[in-house]
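Chain by chain, the residues run as shown.
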Amino acid sequence: MTTPLGASGWTKELRRARLHFVTGKGGTGKTTVAASLALALASGGRRVLLVEVEGRQGIAQLFDTEPMPYGERHLVSAPDGGELCALHLDAEAALLEYFEMFYNLGFAGRTLRRMGAIEFATTLAPGLRDVLLTGKIKECVTRRESDGRHSYDHVVVDSPPTGRVVKFLDVTRALSDITKSGPIRGQAEGVVKLLHSPETAVHLVTLLEEMPIRETLEAVDDMVDAKLRPGAVLINRVRPPRLPARSVTAAADGRVNTSRVRSGMEAAGLDLAPEVLDGLVDETVEHAIRVTAERSAMEQLGEANQPRIEIQDVTEGIDVAALYEIADLLVEKGVR
Amino acid sequence: MVRAKHLDIDTLIDNPKTKVVVCCGSGGVGKTTTAAALALRAAERGRTTVVLTIDPARRLAQALGLEELGNVPKRVELDGFEPAGELWAMMLDMRRTFDDMIIAHSEPGRADELLASPFYQTVSTSFSGTQEYMAMEKLGQLVADGEWDLIIVDTPPSRSALDFLDAPKRLSNALDSRLIKLLTSPARASGWGVRKAFTAGLAMATKAISTVIGGQLLTDASAFMQAFNSTAGGFKERATKTAELLRSPGTSFLVVAAPESDALREASYFVERLSEESMPLQGLVANRTHPVLAELPGTKALAAAESLERDGNGQLAAAVLRLHADRVALDQREQRLLARFTRAHPGVPMVKVPALPSDVSDIAGLRVIGERLSGNGAAR
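Keep in mind the model is a prediction, meaning the values are calculated, not measured. Each chain has its residues counted from 1, following the order in which its sequence is written. To read the labels, note that chains go from A and ligands from 1, taken in the order they are written. With pLDDT at 70 or above as the cut-off, local features in this predicted model cover only qualifying residues; side-chain atom pairs require 80 or more to be listed or tallied, and sums for whole chains, interfaces and linings still use all residues.

## Here's the deal with the sheet that holds strand β6 (residues 200-206) of chain A
All names here are of chain A. At least two bridges found by DSSP between two strands are what make those strands a pair. Think of it this way: any DSSP run of H or I at least four residues long counts as a helix, any run of E at least two long counts as a strand, and we number them from the N terminus. The strand order across the open sheet formed by eight strands is β3-β4-β2-β5-β1-β6-β7-β8, and the pairing between neighbours is mixed. Looking at strand neighbours, the two that pair on one side only are β3 (72-78) and β8 (308-312), the edges of this open sheet. Strand after strand, the sheet turns through a mean of 25 degrees between neighbouring axes, direction not considered. Across six bridges, the pairing between strand β2 (residues 47-52) and strand β4 (residues 82-88) is parallel. Counterpart to V51 in the pairing with β4 is L87. Under this scheme, a helix contributes an axis fitted over its contacting stretch, all axes are lines through C-alpha atoms, and angles between N-to-C directions fall in the 0 to 180 degree range.

Shown next, in the form of structure tokens:
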């Protein structure tokens, strides 16, 4: 039952990336993984910017801080002297900033906002929204300090979900929909170059379940078609298989050797009532069915030949401490 | 500890006054499966039911006999499936719903013109909120058809549960914005006797916008909006009608959430929003819980597993004890999160629906979920 599996861990190619987009189906833990990845990349004295683009204040909730205004700010310290900063990116604010920068249009900006024009422009021309957001991200990636060093060693973006991410990143197509010329086109051409370069990787968060896996595979195909670089597949909430491999198939079929379980329990000094023993057997069958389903999900994932990293389920649930725990695990698996 | 009131699903779906049940919640919590299981149960209990699904998993769609987007309800007919009522199902086709809406509300020549507009292509496919808007449009149609006595609606897989309430409004705001009005009816604008400063501001604003996004888009938008508003009666008006429908006495909301902190946080927001909007919340479906099936403390199980492993025998029993301990820990985490939700929202009834070990692939699976939803047949 061997299938060609993707390379495991953080490959040499991934190490070249400085801009990391993290996407995934809703409910897979995309924001959690993006934050942990950012922490992992920041550990060892680096400076990393974590960006959110969907206006949900997910970062503030995750780190249990006040909702963030538009603007970069220090978020937390990373292990071994690193720093994690955060930016809550908002298309309206980015458009106003853009007007001010290029046209000195502070006054018009206010008028525009009052008339609902900003809302109109950014929602009605979804491409414009994406160009503005990716434009700002590019600015953060390429910015340098006075000593010539990059302001941020890495930028990690909590991106739109798998269903929308390619549209979000495919600035080329968005552009041709919007404008044939003008300053925004010039600016966006730089963005296109960066997004398609080895400096950029798009990571996918998934669970070992049917829908997330299907969306992951579709997104990988779409990215390849759009000449974007899919990065690592981050398999979230992996729970350890407990049964000996040879027992799984039978148990998934409902066949558990009850007398062996009972004698084992007795050997361990547990004298269990019959209904407790039955309950344990039921739990074992459910466990085996899940493990079997996860195995086939893993095989299906092999269709996309991407590097993978498994992230163990955090039993206590997700809090700030859990983010550091996952970050440590990512560092162990070679993330840097 | 505050105990949640029990959410009684059967009373809800058996009540002839219940006409519409909306299943909402953040993405990935099992809304679609819950909606389908509810519809099946209602049909088997005698109601003529239709379920409107948005983006079902392939196996679930197959279980319902939905091989493709039909955009009209199809009766679910399978060997050995003879419900007391009727079960119908459909998958939302966003684009077709939009097209139908245009065609139904405009003169023949006008409709073609609208459908051909490049601007319409953008609005009908990539506009954020179009899917939510069209789901509500379709719901309105199903209600108007009057052929079903119970409609169960799944909501689009948005990041946030709130998108479903906000998107139609956002869409109508953008399309009915003052700017659009001014652009599309300059005659009326001058009739307002607007002040000079405002006109200057407008000129500057339109110039800025057309510099950035290009004049063509604005021209297309104006033409489209002019035609659209005169035919379909305006987005805003339709969005208002949707809100009225959702507020009417026959409509109930179920919030579906997995026992995870993200999903429950979204559920909390949603509960608060529904009450602000005076929309009738029925309760919370805590979906895919993992109750412990055997009364044996986790610590005791772990200690026994370790002693077996030390002695190098009873490998199977040790594995069983370990997976039981995992389950106890998972169950404790889920109960803690759900208790926290109930502390924050003590008035919200709840039903816990234990997870099936694998994805649902047939009617039998949906029936089991239906039983668990009703609080019967749940795991011990």
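After presenting the structure, the write-up continues.
## What to know about the nonpolar core
Of all hydrophobic cores here, the largest spans 76 residues; its most connected members are A:L37, A:A38, A:L50 and A:V156. A total of nine residues in this core trace back to one element, the largest contributor, which is helix α2 (residues 30-42) of chain A. Whether two residues are in contact depends on their C-beta atoms, placed from the backbone: they are in contact if these lie within 7 Å. Excluding anything up to four places from it in sequence, A:A38 contacts A:V48, A:L50, A:L84 and A:V156. Formed by 73 residues, the second largest nonpolar core is a distinct cluster that contains B:V22, B:L254, B:V353 and B:I369. We call a set of buried Ala, Val, Leu, Ile, Met, Phe, Trp, Tyr and Cys residues a nonpolar core when their C-beta atoms link them within 7 Å. Exposure in this text rests on C-beta crowding, where 20 or more other C-beta atoms within 10 Å of a residue's own make it buried, 12 or fewer make it exposed, and counts in between make it partly exposed. The C-beta atoms are placed from the backbone.

## Things to note about unusual backbone geometry
For A:D64, which is not glycine, the phi dihedral falls at a positive 60 degrees. Counting through the fold element by element, A:D64 comes out in the loop between α3 (58-62) and β3. Within the chain, B:R288 stands out as a residue other than glycine whose phi angle is a positive 60 degrees. Looking at the secondary structure, you find B:R288 in strand β7 (residues 281-289).

## Things to note about the pairing of strand β5 (residues 150-154) of chain B
Residue and element names in this part refer to chain B. Counting buried positions along β5 yields five of five residues, so the element is predominantly enclosed. Burial along β5 is two-sided: the residues L150, I152 and D154 and I151 and V153 are all buried. Where strand β1 (residues 20-24) and β5 come together, four bridges link them in parallel fashion. Bridged to V22 within β5 is V153. Summarising the sheet, strand β2 (residues 48-53) and β5 pair through four bridges and their orientation is parallel. The partner of V50 across the bridge, within β5, is I151.

## Observations regarding the sheet that holds strand β3 (residues 74-75) of chain B
All names here are of chain B. Pairing is mixed across the open sheet formed by eight strands, whose spatial order is β3-β4-β2-β5-β1-β6-β7-β8. If you trace the sheet from one side to the other, it starts and ends with β3 and β8 (350-354), each paired once. Sheet analysis places β3 next to strand β4 (residues 86-91), joined by two bridges and oriented antiparallel. In the strand pairing of β4, K74 is matched with A89.

## Here's the deal with the pairing of strand β1 (residues 19-24) of chain A
Residues and elements named next belong to chain A. Taken across its six residues, β1 has six buried, putting it largely inside the fold. Two elements, β1 and strand β5 (residues 154-158), share four bridges in a ladder whose sense is parallel. Bridge assignment links F21 to a residue of β5, and that residue is V157. Two elements, β1 and β6, share six bridges in a ladder whose sense is parallel. From the neighbouring strand, H20 faces β6, where its bridge partner is A201.

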